Amino acid sequence: MKLIRLAVISIVLLFILATLLSALLPSTVLVSRAVNIERPRDSIMPFVTDINQWASWIEGMSDTSVMIQSAHKAKLGGTDVTITSITDSTVISAWTGRNGNMQTSTMNLIGEPSKNITIVQWQFVQKLKWYPWQKLGSIMNDKILGTMMEKNLNRLKALVEKK
């Protein structure tokens with residue numbers, strides 16, 4: 001009986017400790033990557049504004065689990081992606097997972113139309129709840145998501161610069 005009581009008290013104390021540690025972590029996580037592309041902004045925009053074009057530079061978009069519903073809406077496995085806003089230099093999309101977690105993706109194309117170089121900056125913003133497992137899990141978000149973003153931005157650069 002003492003062993004069971006010790007186990008229950010230990011689990012409760014670990015949960016409280018994890019909750020207190022996670023309270024120190026921010027509730028908004030931002031992962032951002034950028035690449036310089038030696039082309040004007042107009043030659044890059046078609047590749048980022050149309051989900052049909054994403055297959056040419058985002059890894060996994062040609063997978064059988066991807067269902068592109070329109071130029072602004074797709075289902076990537078268990079994630080719904082919807083382009084919510086397009087301006088002359090920004091593409092904003094909402095990525096909603098199976099469990100309802102939402103991330104906002106923003107692609108900024110920074111550069112003057114007269115210059116032949118454009119900075120493509122891609123970021124994901126996720127708002128977290130207070131749950132300790134969400135906040136502690138977000139620590140790895142930068143490593144996982146950031147690596148994928150770097151690889152895809154380099155693929156975009158190679159694709160656009162060879163044309």
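Scroll up to find the structure this text is about.
Residues numbered from 1 in each chain as written. Predicted model: local features only at pLDDT ≥ 70, side-chain atom pairs only at ≥ 80, totals over all residues. Heavy atoms only, no water.

## Details of the side chain of Ser105
Among the structural elements, Ser105 can be located in strand β6 (residues 102-110). With relative accessibility at 1%, the residue Ser105 sits in the buried group. Polar contacts involving the side chain of Ser105 include one to the side chain of Trp122, which spans 2.8 Å. With residues near it in sequence (within four places) discarded, Ser105 still touches Val91, Ile92, Ser93, Trp95, Trp122, Gln123 and Phe124. (Helix = DSSP H or I, 4+ residues; strand = E, 2+ residues; numbered from the N terminus. Buried < 20%, exposed > 50% of the residue type's maximum accessible area, 1.4 Å probe, protein only. Polar contact = N/O pair within 3.5 Å; in protein donor to acceptor, adjacent residues only side chain to side chain. Contact = heavy atoms within 4.5 Å.)

## Some details on the pairing of strand β5 (residues 90-96)
Burial within β5 is extensive, with 5 of its 7 residues counted as buried. Here 6 bridges tie strand β4 (residues 79-86) to β5, and the two strands are oriented antiparallel to one another. Note on β5: the bridge partner recorded for Thr82 is Ala94. Connecting β4 to the next strand, β5, in antiparallel fashion are 3 residues. Note: β5 against β6, 7 bridges, orientation antiparallel. Looking across to β6, one finds that Ala94 is bridged to Thr104. Once β5 ends, the chain turns through 5 residues before running back antiparallel as β6, passing Gly100 with a positive phi of about 90 degrees. (Pairing = 2+ DSSP bridges.)

## Concerning the sheet that holds strand β2 (residues 66-70)
Strand order in the open sheet formed by 7 strands is β1-β7-β6-β5-β4-β3-β2, with antiparallel pairing between adjacent strands. In this open sheet, the two edge strands, each paired with only one partner strand, are β1 (28-37) and β2. This sheet shows a mean twist of 20 degrees between the axes of neighbouring strands, independent of strand direction. Here β2 pairs with strand β3 (residues 73-76) via 4 bridges, running antiparallel. Bridge pairing in β3 links Val66 to Leu76. Against the sheet, helix α2 (residues 41-49) engages β1, β4, β5, β6 and β7 (118-127), with an angle of about 165 degrees to β6. Against the sheet, helix α5 (residues 141-161) engages β1, β6 and β7, with an angle of about 25 degrees to β1. (Axes fitted to C-alpha atoms, helices over the stretch in contact; angles between N-to-C directions.)

Purely geometric numbers; function is a separate question.
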